[in-house]
Amino acid sequence: MQRYRFVFAPRWVGLTLAGVVVMLVCGLLSQWQWNRAVERAAANEVIENSTEAAELDATLPAGGTLDDAVRWTLVEAVGVYDAEREVVLRAQTNGSVNGYEIVTPLVLEDGTAILVDRGFVASESTGAVPDYPAAPAGEVTVTGRVYEYEESSGGVTEVEDHLEARRLSLELLGPHYDYEFRSAWLADTEPAEGFTALETPSFKDWQNYSYAGQWALFAALVPIGWTVLLRRERRELDEAAAETETAPSAEADEAVAER
C-alpha cells in the first residue's frame, strides 16, 4: 500500500470523489430507465389483454381518482353527448397523419360527465377544422380506452360553437363546464364513420431496458478507468525514480572517464 499512498493527494481525492458521484448518477439513471421499462411493459400487457369492457362506475367512480391498474383498460359508458360544448384538439398526429381530435363530453345519469375522444380527422391543409360527424343525439353507449389527462399546456380558445385546445387537460378545460368530470377520459374504440380511431398505444419498453443497461455499463467503466489511471501514474512514478537513480551513476562514470 505504501506504493499507492499518492492516492491521498488532493488531486487524487478529488478524482476519486468525482468518480463516485458519476457512478451514483449513472446508477440512478439506470434504475430510473429500468423502472420506466417495467411500467411500459406492464402497460403493453394491459393493452394487449384488455378485450372486454368494464362498467364505468366500477372503473372510474364519481369523485374518485385514477387507479393505475385501470389505465389503458376498456370501459363502457352510457350517457348523452353534450354536442354544444365539444373540444377540438389542434395539431394532433395519428399514425403519422396530422389533423384534429374531436372530444365531446358524455353526460352520465348521475349528472357527472366524462370526456370522450370520438375520433381523429385528417387535416386538409386549409388551416380550418374539416367537417366531421356530429355527435349522435339521445342516449348512447360508448366503449373506450381509459387515458390519463394530459398536463396543461397552451390555453383554451372559444371558437363559435366549440372549444379549441392543444392538450386534453382537465385543469384547462374543467373551468369551461358546469359539471364534474370523471378522473380520466375515453378514446372511442369504434368511432363513427368519418372518424379514424386513435392509434392503439404501444410503448417501446425494450428501449428503456437498453438505456438501463447502457447507464449500468457507464457506471461499471468508472472504477475500471480509475484503476487504469492509478496504474499508469504508479508506472510513471517508478520510471521517474529509476531515471533519478541512473543519472548520478552516469555522471560518476563520466567523471572517472575524464580522469
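Because the structure is predicted, anything quoted here is derived from the model rather than measured.

**Describing unusual backbone geometry**
Piece 1. Its identity is not glycine, yet alanine 91 carries a phi of approximately 50°, on the positive side.
Piece 2. Position of alanine 91 among the secondary structure elements: in strand β3 (residues 86-94).
Piece 3. For alanine 91, a relative accessible area of 51% corresponds to the exposed category.
Piece 4. Non-glycine residue serine 96 carries a positive phi angle of around 70°.
Piece 5. Residue position: serine 96 is located in the loop between β3 and β4 (97-108).
Piece 6. Residue classification places serine 96 among the exposed positions, given a relative accessible area of 76%.

**Concerning the pattern of salt bridges**
Once their charged atoms are close, side chains differing in charge can pair, the charge on each being opposite to the other.
Piece 1. For the structure on display, the rule yields seven salt bridges.
Piece 2. Salt-bridge contacts for aspartate 110 lead to arginine 182; the nearest nitrogen and oxygen are separated by 2.9 Å. One end of the pair, aspartate 110, is in the loop between β4 and β5 (113-122); the other, arginine 182, is in the loop between α3 (170-173) and β9 (185-188), with 72 residues separating them in the sequence.
Piece 3. Given a relative accessible area of 48%, aspartate 110 falls into the partly exposed group.
Piece 4. One network of salt bridges, with partners in common, ties together Asp57, Asp110 and Arg182.

**Notes on the packing of aromatic side chains**
Piece 1. In total, this model carries nine aromatic pairs according to the counting rule given.
Piece 2. Taking the centre distance of 5.6 Å and the plane angle of 80° together, the rings of tyrosine 179 and phenylalanine 181 count as edge-to-face.
Piece 3. Taken together, Trp72, Tyr147 and Trp185 form an aromatic cluster joined through their ring pairs.
Piece 4. Lying over the aromatic face of tyrosine 177, arginine 85 brings its terminal NZ or CZ to 5.7 Å of the ring centre.
Piece 5. Across from the ring centre of tyrosine 81, 5.8 Å away, lies the NZ or CZ of arginine 118, which sits over that ring.

Conventions and cut-offs
Residues numbered from 1 in each chain as written. Predicted model: local features only at pLDDT ≥ 70, side-chain atom pairs only at ≥ 80, totals over all residues. Heavy atoms only, no water. Helix = DSSP H or I, 4+ residues; strand = E, 2+ residues; numbered from the N terminus. Buried < 20%, exposed > 50% of the residue type's maximum accessible area, 1.4 Å probe, protein only. Salt bridge = Lys/Arg side-chain N within 4 Å of Asp/Glu carboxyl O. Phe/Tyr/Trp six-rings, centres within 6.5 Å; stacked < 30°, edge-to-face > 60°. Lys NZ or Arg CZ within 6 Å of the ring centre and 35° of its normal.

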